[in-house]
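Each chain is listed here by its residues.
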Amino acid sequence: MGRGLVLAAVAGLVRTALAAGTGVLTRPEQARRELTIADVLPAPVSADPVDGVRFTVPAGVRIVTTADPEATRVGAYVADLLHGASPEPGDRRPAGAIALLLRPGYADEEYTLEVDADGVTIRASGGAGLSWGVQTLRQLLPPTGPAVLPGVYVTDRPRFAYRGVMLDVARHFFDVATVKRLVDLATMYKVNHLHLHLSDDQGWRIAIDSWPLLTSVGGRTQVGGGAGGYYTADDYRQIVAYAQERFMTVVPEVDVPGHTNAALLAYPELAYDGVVPRQYTGTRVGWSALCPGRELTAKFLTDVLGEIAAMTPGPYLHIGGDEALTMPAGDYAALVRQAQEIVAAQGKTPIGWHELAGAPLAAGTVLQYWGITPWARDVMAAVRAGHRLILSPADRTYLDQRHEFWRGPGRTWAGPVNAQRAYGWDPATYLAGVPESAILGLEAPLWTENVSTVDQIDHQTFPRLAAIAELGWSPSSTHDWRLFRHRLGAQAPRWEALGVRFARVDEVPWVTVEAPASAVASRPD
Ligand code: TNX
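What you see is a predicted model; the values in this text were computed from it and never measured.

*Asks:* What is the right way to look at the site of the ligand in this model?
*Replies:* Not every one of the 14 residues close to the ligand is listed here, only the nearest: Arg-171, Tyr-398, Asp-400, Trp-413 and Glu-449. Interatomic distance of 2.6 Å between a side-chain N/O atom of Asp-400 and an oxygen atom of the ligand. Trp-413 is positioned with one of its side-chain polar atoms (N or O) 2.8 Å from an oxygen atom of the ligand. Here the ligand, which alone exposes 360 Å², has 98% of that area covered by the protein.

Structure (structure tokens):
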């Protein structure tokens, strides 16, 4: 081969590498194009663009919904979003309107969305489907400027029933407004479960009437020694109601028997030795423990889980169960068995971190896998016995990990977790012996030892939550990193418009909003 040919071949390889998304393509791309269905995230099951057709949403657009409280509620959300008229009841779409119609024959959360020259129709069998259709519609609208929609016919439904995000409000406390904000951002991506990690060594964050010192004593600090805080029953109900309006289920977690120093500080009689522990504001894990086998412990679990069950309309109560490293195995097993029985007696389904698989499981208990190995013997055995899994492998879904190894905030024990890693795995083949049918869904947990502000929440959560959300919703046939990274990049103007301080990682070709040429030119590459 002559020298010229070698150079040409090398240049070709470099071009291929760039196109494949090795993280070198950092130049901002202009957003002067119209949005298409290919920008929607998570990718829909099927979408047929109708070429040359557009619908411009007029100010005060008519919104018609089936006469049903849930459909009307979704209609009110659309009216708010598009500055439309108040929703009116109806069963067909008038010309130039947006219609949300309930129809039989759709699966849970399934919807169709039709945009033609004369308006928009979303059909589903319930409010959740209509609501996800609206989120798709929202992504077809330009982030700012005139509301022009491309003609399209979409059929869509989720791959997994459980698509979650977790916020640890124990290591650092976050107020109700911050939680609501996360609900809004997560539901944009059709995430339908909010797991709240409500207790840990550093703080107890939910008021329990029958054990008042849990919050008044146990809620008074956090990592680093700040003021901490807690949710009153009313705060918690507000969060639950806000999430429910967006078709998101709250999954409350009280972590037992480990991660309980704050509870023991409030009620030292629950500890093995009965000695008042010190307030803890550090970040070590695995050292605290509730003492099992006592009447008082049983009363504690019954009261706490009973009160939380009564405030929680969703089907799940998470009992933790992770990292009880100082307890004899028999004690651990006795305690988590009792906790599962109490949850089941409340008519709820227990969820526990996957260490629970080493103990006896109640029928129906769901395990949440947070390991970093693609095999786990106990978990496999539990699946064989009929238990379902939520997958949160730390090296793929943990939002507290760094995006990049060599820079940025975040932890490193399971990372770095960049967007390509968060996206580049198939839940159905990830864990040996765990078929797709055993997977209830996926969750991206945000532990907050290193996170104390809204900006930090944003930085850790985005873009990675969008990647996990797409794995949870879209069929595996749509998965392709080279396309996905462009869909991710197209979210940037949306996040900017919403004030989301996402991590501008190099692996994603971020779209920039149209800006004066001088402003674009002065941006660093
Ligand atoms: C492990 S994952 C924990 C948490 C920590 C997290 C930090 C799990 C069930 N337990 O207590 O916050 O690592 O990455």
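*Asks:* Looking at this model, I keep getting lost on the pattern of salt bridges. Mind explaining?
*Replies:* Side chains that carry opposite charge are capable of pairing whenever their charged atoms lie near each other. Summed over all chains, the structure comprises 22 salt bridges. For Arg-171, the salt bridge identified is with Asp-200, shortest N-O distance 3.3 Å. Here Asp-200 lies in strand 11 (residues 199-200) and Arg-171 lies in the loop between strand 9 (162-168) and helix 4 (176-187), a separation of 29 residues in the sequence. You can call Asp-200 buried: its relative accessible area is 1%. As a salt-bridge pair, Glu-496 and Arg-504 come within 2.3 Å of each other at their nearest N and O atoms. Residues joined by salt bridges that share partners form a network here, namely Asp-168, Arg-171, Asp-200, Arg-411 and Glu-449.

*Asks:* Please clarify how the side chain of Ser-474 should be interpreted in this entry.
*Replies:* Counting through the fold element by element, Ser-474 comes out in the loop between helix 15 (464-473) and helix 16 (481-489). Polar side-chain contacts of Ser-474 include one of 2.8 Å to the backbone oxygen of Ala-43. Every residue in contact with Ser-474, bar those within four places of it in the chain, is listed here: Pro-42, Ala-43, Arg-159 and His-479.

*Asks:* What is the right way to look at the sheet that holds strand 2 (residues 46-56) in this model?
*Replies:* Strand pairing in a sheet relies on backbone hydrogen bonds. The paired strands run either parallel or antiparallel. A sheet is described by the order of its strands in space; here seven strands give the open sequence 2-8-6-7-5-3-4, paired in mixed fashion. At either margin of the open sheet sits one strand with a lone partner, and together these are strand 2 and strand 4 (88-89). Summarising the sheet, strand 6 (residues 111-116) and strand 7 (residues 119-124) pair through six bridges and their orientation is antiparallel. Each bridged residue has a counterpart across the sheet, and for Val-115 the counterpart in strand 7 is Val-120. Most of the contacts of helix 2 (residues 69-82) go to strand 5 (residues 97-102), to which it runs at about 160 degrees, and overall it touches strand 3 (63-65) and strand 5. Packed on one face of the sheet, helix 3 (residues 127-140) meets strand 5, strand 6, strand 7 and strand 8 (148-156) and runs near 40 degrees to strand 6.

*Asks:* How should I be thinking about unusual backbone geometry in this particular structure?
*Replies:* Keep in mind that most residues, glycine aside, have a negative phi and that most peptide bonds are trans. Note the cis peptide between Gly-415 and Pro-416, where omega equals 0 degrees. Structurally, Pro-416 is set in the loop between helix 11 (394-397) and helix 12 (419-423). Pro-463 follows Phe-462 through a cis peptide bond whose omega is 15 degrees. Tracing the backbone through its elements, the reader meets Pro-463 in the loop between helix 14 (454-461) and helix 15. Even without glycine at this site, His-83 takes up a positive phi of about 50 degrees. Position of His-83 among the secondary structure elements: in the loop between helix 2 and strand 4. A relative accessible area of 64% places His-83 in the exposed class. Positive phi is not limited to glycine here, since His-259 has a value of about 55 degrees. Tracing the chain through its elements places His-259 in the loop between strand 13 (249-256) and helix 7 (261-266).

The rules we used
- Residues numbered from 1 in each chain as written.
- Predicted model: local features only at pLDDT ≥ 70, side-chain atom pairs only at ≥ 80, totals over all residues.
- Heavy atoms only, no water.
- Near = heavy atom within 4 Å.
- Polar contact = N/O pair within 3.5 Å; in protein donor to acceptor, adjacent residues only side chain to side chain.
- Areas by Shrake-Rupley, 256 points an atom, 1.4 Å probe, with all protein chains shown as cover.
- Salt bridge = Lys/Arg side-chain N within 4 Å of Asp/Glu carboxyl O.
- Helix = DSSP H or I, 4+ residues; strand = E, 2+ residues; numbered from the N terminus.
- Buried < 20%, exposed > 50% of the residue type's maximum accessible area, 1.4 Å probe, protein only.
- Contact = heavy atoms within 4.5 Å.
- Pairing = 2+ DSSP bridges.
- Axes fitted to C-alpha atoms, helices over the stretch in contact; angles between N-to-C directions.

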